[in-house]
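Fold and contact review
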Amino acid sequence: MTDRKATARWTGDLASGSGKVTLESSGIGEFDVSWPARTEEPNGVTSPEELIAAAHSSCYCMQFSALLARAGTPPETIETSAKVTFGRSGGGYAITGIVLTVRAVVPGISADDFAEIAEQAKQTCPVSAALTGTTIELDAALS
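Let us look at the structure shown here. (Residues numbered from 1 in each chain as written. Predicted model: local features only at pLDDT ≥ 70, side-chain atom pairs only at ≥ 80, totals over all residues. Heavy atoms only, no water.)

**Description of the sheet that holds strand β3 (residues 29–33)**
Reading across from one edge, β1-β2-β3 is the order of the three strands in this open sheet, with antiparallel pairing throughout. Of all strands in the sheet, those bounded by a partner on one side alone are β1 (6–11) and β3. In this sheet, neighbouring strand axes are inclined to one another by 20° on average, regardless of whether the strands run parallel or antiparallel. Note: strand β2 (residues 18–23) against β3, five bridges, orientation antiparallel. When the bridges of β3 are listed, K20 appears paired with D32. (Pairing = 2+ DSSP bridges. Helix = DSSP H or I, 4+ residues; strand = E, 2+ residues; numbered from the N terminus. Axes fitted to C-alpha atoms, helices over the stretch in contact; angles between N-to-C directions.)

**Remarks on the layout of surface pockets**
Remark: the empty space left among the atoms is shown by a probe the size of a water molecule rolled over them. In this model, the largest pocket occupies a volume close to 180 Å³. Taken together, A37, R38, P42, V45, T46, S47, E49, E50, V84 and F86 form the lining of the largest pocket. By residue class, the composition of the lining of the largest pocket is five nonpolar, two polar and three charged. What the second largest pocket holds in volume is close to 150 Å³. Lining of the second largest pocket is provided by A55, S58, C59, M62, Q63, P126 and V127. (1 Å grid on protein atoms, 1.4 Å probe; cavity = no way out; pocket = protein on both sides within 12 Å on 5 of 7 lines; lining within 4 Å. Points joined across faces, edges and corners; volume = space filled by probe spheres on them. Nonpolar A, V, L, I, M, F, W, Y, C, P; charged D, E, K, R; others polar.)

**So, the nonpolar core**
The biggest cluster of nonpolar side chains holds 24 residues, and the ones touching the most others in it are Y60, F64, L68 and I78. Here the element with the most residues in this core is helix α2 (residues 48–70); it accounts for seven residues. Those residues in contact with L68 that lie beyond four places of it in its chain are T73, P74, P75, I78, V106, I109 and I117. (Core = buried A, V, L, I, M, F, W, Y, C linked by side-chain atoms within 4.5 Å. Buried < 20%, exposed > 50% of the residue type's maximum accessible area, 1.4 Å probe, protein only. Contact = heavy atoms within 4.5 Å.)

**A look at the side chain of S128**
Among the secondary structure elements, S128 is positioned in helix α4 (residues 126–130). Classification of S128 by relative accessible area gives buried; the value is 6%. Leave out the neighbours within four places in its chain, and S128 touches H56, K122 and I136.

**A short note on helix α3 (residues 111–124)**
Taking 1.5 Å per residue, 14 residues should reach 20 Å; α3 reaches 20 Å between its end C-alpha atoms and fits that length. Those residues of α3 hidden inside the fold are in contact with α2, β5 (92–105), α4 and β6 (136–142). (Expected span 1.5 Å × (residues − 1).)

**A look at the packing of α2 against α3**
Here α2 crosses α3 at 130°, and the two axes come no closer than 9 Å. Classified by the interaxial angle, the pair formed by α2 and α3 is oblique. Between α2 and α3 the crossing geometry is right-handed. In this structure, α2 uses Y60, Q63, F64, L67 and L68 to contact α3, whose residues at the interface are F114, I117, A118, Q120, A121, K122 and T124. The residue makeup of the contact of α2 with α3, split by class, is eight nonpolar, three polar and one charged. (Parallel < 35°, antiparallel > 145°, perpendicular 65-115°, else oblique. Left-handed = near helix turned anticlockwise from the far one by under 90°.)

**Digging into the packing of aromatic side chains**
Going through the model one piece at a time under the given rule, you end up with five aromatic pairs. Here W35 and Y93 contribute two aromatic rings whose centre-to-centre distance is 4.9 Å and whose plane-to-plane angle is 90°, an arrangement assigned as edge-to-face. Residue W35 is found in helix α1 (residues 35–39), and its partner Y93 is found in strand β5; the two are separated by 58 residues along the sequence. For W35, a relative accessible area of 15% puts it in the buried group. By way of ring pairs, the aromatic residues W35, F86 and Y93 are connected into one cluster. (Phe/Tyr/Trp six-rings, centres within 6.5 Å; stacked < 30°, edge-to-face > 60°.)

The following block contains the structure:
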């Protein structure tokens, strides 16, 4: 088992306040966060949804790569973008969906096998599993 740690510090109220998220385990950075970055334009500030998109896209690439290799068709490249949608839902705000867009170069694989393994990666990626309850769509294609 491994643990990873990030810490957020918030100052002020929700609408006009701001915060910083520090990636403590890696030590690679501190990032500004704000409510407007979640609900309007980012303007150089991140949001929890962007951080989730980063985690999900990188986790998916790792899982897909492992499954392709296990099937005897290791990838040359996989590029995954994750679009996390945040907005009003019911009586408040929520993450309402995630779309994973995947393009990959995988020599020797059929389109059907590619699609099947891509879907399996979506289902078994640990970040997907952590986000159970959120609709996750997949658009996967060979490049």
